[in-house]
Each structure stands twice: as C-alpha cells, then as structure tokens.
Amino acid sequence: MCVIGNKMLLFPVMFPIIAAMFFLFLKKEKQQRIYIFFSMILETISVIFLCMTDTEPLQFWQIDKNINIMFQIDGLSCFFAGLISVIWLLATVFSLEYMKHEENTKRFFFFFIMTLGVLIGLSFSGNFMTLYLFYEMMTLLTLPFVIHGGTTQAMQAGYKYLGYSIFGAGLSLAGFFFLSQYCQGTAFTAGGTLHMQSVTGKETLLLIVFLLMMIGFGCKAGMWPLHGWLATAHPVAPSPASAVLSGIITKCGVLAIIRVCYYLFGVEFVKGTWAQQMILCFCIFTIFMGSMLAYKEKLLKKRFAYSTISQVSYILFGLMLFSPISFCGALLQIVFHAVTKNILFFTAGAIIYKTGKEYVSQLKGIGKQMPVVMICFTIASLSLIGIPPTSGFVSKWFLAEGALSSEYEILGMAGVVILMISALLTAGYLLPIISDGFFTKKGEFVLKEKKEPCFLMTVPLCILSAVAVILGMFPNGLLSSITKISNTLFAFV
C-alpha cells in the first residue's frame, strides 16, 4: 500500500468546494458541462487513490480536546467515500441531460458539486465534532435541492426538511455534550472510547443519551419518529437530487449512527440493553410502516420515497442487532440500496423528462415507449424485493440470518417476519408498474414514437443495473472488504 502525506486528505474535501466557486464564472453551457464532468472524474479518482493509500490522521484545527477538526481514513471511510464518489459521478452524468428542462441549472450544479466535497469530509471525519460539522453542512447544501422548484410546495418541503434535520442533529449534539464527559477521547476508535470506570453508576443516563443520539441521526436515515421529511422532500426535488437524497444522503445518517454506536459507545456497552431493544422496535415498525405507505401511494416519486423509509431501516435493524453477520448484511444493504434507489429515481426522472408522467396510473404501456428504461426499472425492482440473482437478495439473506441467530429470539423472529411482509408489499407496489408497462390489454395502448432518453441518461442507468446483477451473482469481493471492517469492530466484543 502506498504512503502519502496526510495533508492530501484535504484534497477530495476542498477540491469540489473550490471547483464549485470557479464554476460560477463559466458562462457558456458547453464549458459548464465539460467542467462539471471532468471535475467529478478528478474527484472520484482522488478518492479512490486515497482509499488505496496508507495515510496518517490529520489534525486540522483544535480549540480543546473535544473541539477539533480531524480527518482519518479507515475501512469504513473508504467504504462510504468510494460508494458516494462513484454514485455521485453517475448522478452527475444523468443530471447533465435531465437538468436541461429545469430552471436555475447553474445554481443546482453549484450546490451539487460542493455537496460532494462535504460528503467526503463526512466520510473522512476522524472524530465527532468533524462529523457533526460536515453533517450540518450537508443539510444546508442539500436544502437548495428540495426548494429548487421555487413553488409553494417546494418551499414548504424545504422548511420541513430543514426543521427535521436541524432538530435531529441538535438531539445528537446535545447527547454528545453528555457523552464526551465519559469518553477517553472523541476520536473514532474501533470498540468505543468510553471510560468504563467513569461510567459506573451512570449507565441509565448514558443509555438515554444513546437513544436520543440514535433518534437524532436516524432522522436523516428516515427512521420513525423523525421520518416525515423524506416523503415530502423527494417528490418536489429534481429527480437526480431525489436519487442522491434517497440513495446517498440517507446513508450519511447511517454512517453517523455507525460511528456513534461502534466507535464511541462501543458494542459491549449497548448490547443487551433496553435502549438497543427500543431502537430495534423502532426499526421494525419503520420497515412495516414505510412499505405500507409506499403500497398505497399513487405518485411515483413519493412511492419511492416511502420505500426508502422502509429499506434504510433494514440497514439500521442489521446494525442494531450487534452481530457480525447482521453487520455485514447491513453494509451490503447500504451498497445495494444506494444502487437500486438511484436506478429507480433515474427511471422516474427519465419518464418525467420524456413524457411528463408522474403518477403510477399514467404508466400503462410505458415499457413499449421506453424499453431500456423499464428494463432497468425491472432489475432494480427485483433487487429491492430481494429476488435472486439480484444484489438485494444477498443483503436480505445476511440480515435474516443475523436476526435468526441473534440472542433476541422474539425481536429477531419479528424482524424476519416483517422483512418478508415488506418484501411482499414491495412486490405489490413495484411489479404492477412493470406489468402495466410491458403487458397491456388489447386496444388499451396504442404505441406511438419511442421516447427513450439520450445516452447521458441511459448509460448511468445501464451501469447501475449491471452492477445490481453482478454484485448479486459475485458478491464475494465486496463481502470480503466488509468482513474486514466487521472483524475490526467485533474483535472487541
């Protein structure tokens, strides 16, 4: 593994922010498109390069031991940063065509480019204050995606998104004020940093703090009770923004939860407590609730948003079981859901872009007009349901195996039952779209001209669809990397 100076950690964080500033000075549309594309290429390469190197932590700024900005790279950093940069690149390519029919495209891409730097900063965070700083910046920079349309509905959704996000982050920060008094340090350390002698007699207080922090960061992940922003924000944002909000931004809430659970509190302290069981109950309820709401929803993008609420709680359920198998299943689900949900929102965007149709009832015969798009939609749907050989089957298998082998027999069994019910509901709200899209009654649909979008939209769709199948058939490489992260964390249990 190559060794480089630790100041290089700043490059993938600062480069998109600086690149976004220079982007504002470009006047011609062609120049803007080329600049955006190559900026994202360079950013992705830099992230992958850093993930392949051995880099010491970077102490960037400090006031005292609990208030300092530090960057470091570990297995989890590489996992999230790599996923984010690759998905963001494909979303950028898709956006270059899609945003032609939107207004204020320059403003959109300014925030789109800058957000990537903040997300990489979040991934490379070496302690809680760094993570919290970039977490709040992420909220502020993604708010323009929600209010992009400028309509009353968009503005109301933006206020809701901002309110929920700030309240959730505030809960987590308040929890950290208490937690930091009982930690040996705030740097993320596998196994946790609690000073166990100081904790003695304060266990109940710290478990309340843990619960509040999980609910707070669970807001971004769409976990009940702070899930309400998601289904409001997604439908009003441009489809590329909806894709990354659902596929990536929700996973940043998951990243924060992993860091707090596994790198600050530690599994040993939380496992077997009432707080763990309560969060597991929240996850199970959210899975069922999200699936039911998606099943009843008629607006396509809102249906996908409710689906995200359900599917991301699969991840949280696996994480909160605190077992190596379920942890691996949760991280697999992070990747597979990011891929799948971006496909679904890209297909929704392509349909809106070419036909203007937004409701499920309008999609009869759409597969005959847009066969490539709907084939990609079909692959993503099968993966989301969990049908082999698509990738979603693999993650759900590990999650079910982890639940059945957990020490919580009732909660584990309940989780598996709800996962199965959720899979049936997912089939119920996705498969009829496919059926109506490709198989219509005689005389019900008259084929007009093909409406397939251009290659800037279809190439990202096809790449992600291929990934959804390939990772389902050959998951061992990804699983090996995830197992290394899991072994590091559970070595302390």
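Everything numeric here is computed off the predicted structure, so don't read it as measured data. (Residues numbered from 1 in each chain as written. Predicted model: local features only at pLDDT ≥ 70, side-chain atom pairs only at ≥ 80, totals over all residues. Heavy atoms only, no water.)

1. Looking at the environment of Pro 238
Our working rule: Secondary structure elements follow DSSP: runs of H or I of four or more residues count as helices, runs of E of two or more count as strands, with numbering from the N terminus. Two residues qualify as a contact provided that any one of their heavy atoms is within 4.5 Å of a heavy atom in the partner residue.
Within the fold, Pro 238 resides in the loop between helix 9 (228–236) and helix 10 (239–265). Expressed as a C-alpha distance, the spacing of Pro 238 and Ser 165, which sit 73 residues apart in the sequence, is 20 Å. In this view, Pro 238 contacts Tyr 98, Met 99, Glu 102, Phe 108, Phe 145, His 148 and Lys 301; residues no more than four positions away in its chain are not counted.

2. Concerning the layout of surface pockets
The following threshold applies: Cavity means a closed set of points on a 1 Å grid over the protein atoms alone, one where a 1.4 Å probe fits but cannot get out, pocket means an open set with protein on both sides within 12 Å along at least 5 of 7 lines, and lining means a residue has an atom within 4 Å of a point. Grid points are joined across faces, edges and corners, and a volume is the space filled by probe spheres set on the points. Lys, Arg, Asp and Glu make up the charged group, whereas Ala, Val, Leu, Ile, Met, Phe, Trp, Tyr, Cys and Pro make up the nonpolar group; the residues left over, Gly among them, are polar.
Approximately 550 Å³ is the volume found for the largest pocket. Looking at the lining of the largest pocket, the elements that each hand over two or more residues are helix 3 (75–98), helix 14 (324–355), helix 19 (455–473) and helix 20 (476–490). No other element matches helix 3, which puts 8 residues into the lining of the largest pocket. Along the lines of polarity and charge, the residues of the lining of the largest pocket split into 13 nonpolar, 4 polar and 1 charged. The wall of the second largest pocket is formed by 19 residues, among which Pro 235, Val 236, Ala 237, Lys 301 and Glu 358 lie closest to the centre. Listing elements by their share of the lining of the second largest pocket, those giving two or more residues are helix 6 (152–179), helix 9, helix 13 (300–320) and helix 14.

3. A look at the packing of helix 1 (residues 11–23) against helix 4 (residues 105–123)
Rule in force here: Axis definition: a line fitted to C-alpha atoms, limited for helices to the stretch in contact. Angles are taken between N-to-C directions and run from 0 to 180 degrees. Working rule for angles: under 35 degrees goes down as roughly parallel, over 145 as roughly antiparallel, 65 to 115 as roughly perpendicular, anything else as oblique. Should the near helix be turned anticlockwise from the far one by less than a right angle, the crossing is termed left-handed; should it be turned clockwise, right-handed.
Axis separation between helix 1 and helix 4 bottoms out at 7 Å; the angle between their running directions is 170°. On the basis of the axis angle, helix 1 is roughly antiparallel to helix 4. Considering how the two elements wind past one another, helix 1 and helix 4 form a crossing that is left-handed. Of the residues in helix 4, those touching helix 1 at Pro 12, Val 13, Pro 16, Ile 17, Ala 19, Ala 20, Met 21 and Phe 23 are Lys 106, Phe 109, Phe 110, Ile 113, Met 114, Leu 116, Gly 117, Ile 120 and Gly 121. Taken together, the residues of the contact of helix 1 with helix 4 break down into 14 nonpolar, 2 polar and 1 charged.

4. As for a nonpolar patch on the surface
This is how the line gets drawn: Each patch is built from salt-bridge-free residues with over 30% relative accessible area, joining like charges within 9 Å and nonpolar side chains (Val, Leu, Ile, Met, Phe, Trp, Tyr) within 5 Å. Exposure was quantified through the Shrake-Rupley algorithm and a 1.4 Å probe, taking into account, for residues, occlusion by the shown protein chains and nothing else. Any Lys or Arg side-chain nitrogen found within 4 Å of a carboxyl oxygen on Asp or Glu counts as a salt bridge. Burial classification: accessible surface area is computed with a 1.4 Å probe over protein chains only, and a residue below 20% of its type maximum counts as buried, one above 50% as exposed, and the rest as partly exposed.
Nonpolar side chains collect at one region of the surface, where Met 14, Ile 18, Phe 22, Leu 24 and Phe 25 lie side by side and expose about 520 Å² of accessible area between them. Considering the arrangement of structural elements, one finds Phe 22 in helix 1. Phe 22 gets classed as exposed once you look at its relative accessible area, which sits at 53%.

5. What about the packing of helix 5 (residues 128–146) against helix 6?
Close contact between helix 5 and helix 6 brings their axes to 9 Å; oriented N to C, the two are set at 175°. For the element pair helix 5 / helix 6, the angle class is roughly antiparallel. For the pair helix 5 and helix 6, contact is made by Phe 128, Met 129, Tyr 132, Tyr 135, Glu 136, Met 138, Thr 139, Leu 140, Thr 142, Leu 143 and Val 146 and by Ala 154, Ala 157, Gly 158, Tyr 161, Leu 162, Ser 165, Ala 169, Gly 170, Ser 172, Leu 173 and Phe 176, respectively. Residues that form the contact of helix 5 with helix 6 fall into these classes: 15 nonpolar, 6 polar and 1 charged.

6. Side note on empty space enclosed by the protein
In total, this model carries 1 cavity of 30 Å³ or more according to the counting rule given. Contributing to the lining of the largest cavity are Gln 333, Phe 336, His 337, Thr 340, Ser 383, Leu 384, Gly 392 and Lys 396. Elements with a minimum of two residues in the lining of the largest cavity: helix 14, helix 16 (371–385) and helix 17 (391–404). With 4 residues, the single largest contributor to the lining of the largest cavity is helix 14. Of the residues assigned to the lining of the largest cavity, the class counts are 2 nonpolar, 5 polar and 1 charged.

7. Describing the confidence of the model for the chain
The criterion, for reference: Per-residue confidence from the predictor is reported as pLDDT, a score between 0 and 100.
Chain-level pLDDT for the chain is 91 on average; 97% of the residues reach the 70-or-more range. Within the chain, no element has a lower average pLDDT than strand 1 (residues 2–3), which sits at 54, and none a higher one than helix 3, at 96.

8. As for the packing of aromatic side chains
Note the threshold: Under the pairing criterion, centres of Phe, Tyr and Trp rings, with the six-membered ring standing for Trp, must be within 6.5 Å; the plane angle then separates stacked pairs below 30 degrees from edge-to-face pairs above 60, leaving the rest tilted.
Across all of its chains, the model carries 33 aromatic pairs by this definition. Ring plane angle 15° and centroid distance 5.2 Å describe the contact between Phe 11 and Phe 15, whose orientation is recorded as stacked. With Phe 11 and Phe 15 both in helix 1, this residue pair falls 4 residues apart, about one helical turn. Under the relative-accessibility criterion, Phe 11 is labelled partly exposed at 31%. Centre to centre, the rings of Phe 438 and Phe 439 are 6.5 Å apart; their planes meet at 55°, and the pair counts as tilted. Looking at Phe 438, the relative accessible area reads 23%, which means it is partly exposed.

9. Quick word on the nonpolar core
Here is the rule: Buried Ala, Val, Leu, Ile, Met, Phe, Trp, Tyr and Cys residues that are joined via side-chain atoms within 4.5 Å together make up what is termed a nonpolar core.
The biggest cluster of nonpolar side chains holds 189 residues, and the ones touching the most others in it are Phe 128, Leu 179, Tyr 262, Phe 265, Leu 319 and Leu 331. For Leu 331, the residues in contact, after removing those within four places along its chain, are Leu 76, Phe 79, Ile 258, Leu 319, Ile 482 and Ile 485.

10. Quick notes on the pattern of salt bridges
Enumeration over the complete set of coordinates arrives at 3 salt bridges. Between Glu 97 and Lys 100 there is a salt bridge whose closest N-O contact spans 3.2 Å. Since its relative accessible area comes to 46%, Lys 100 is described here as partly exposed.

11. Notes on the environment of Ala 157
In this structure, Ala 157 sits in helix 6. Residue Ala 157 is classed as buried on the basis of its relative accessible area, which comes to 1%. Along the primary structure Ala 157 and Leu 230 are separated by 73 residues, whereas in three dimensions their C-alpha atoms are 9.1 Å apart. Residue contacts for Ala 157: discarding those within four places in its chain leaves Val 146, Thr 232, Ala 233 and Val 236.

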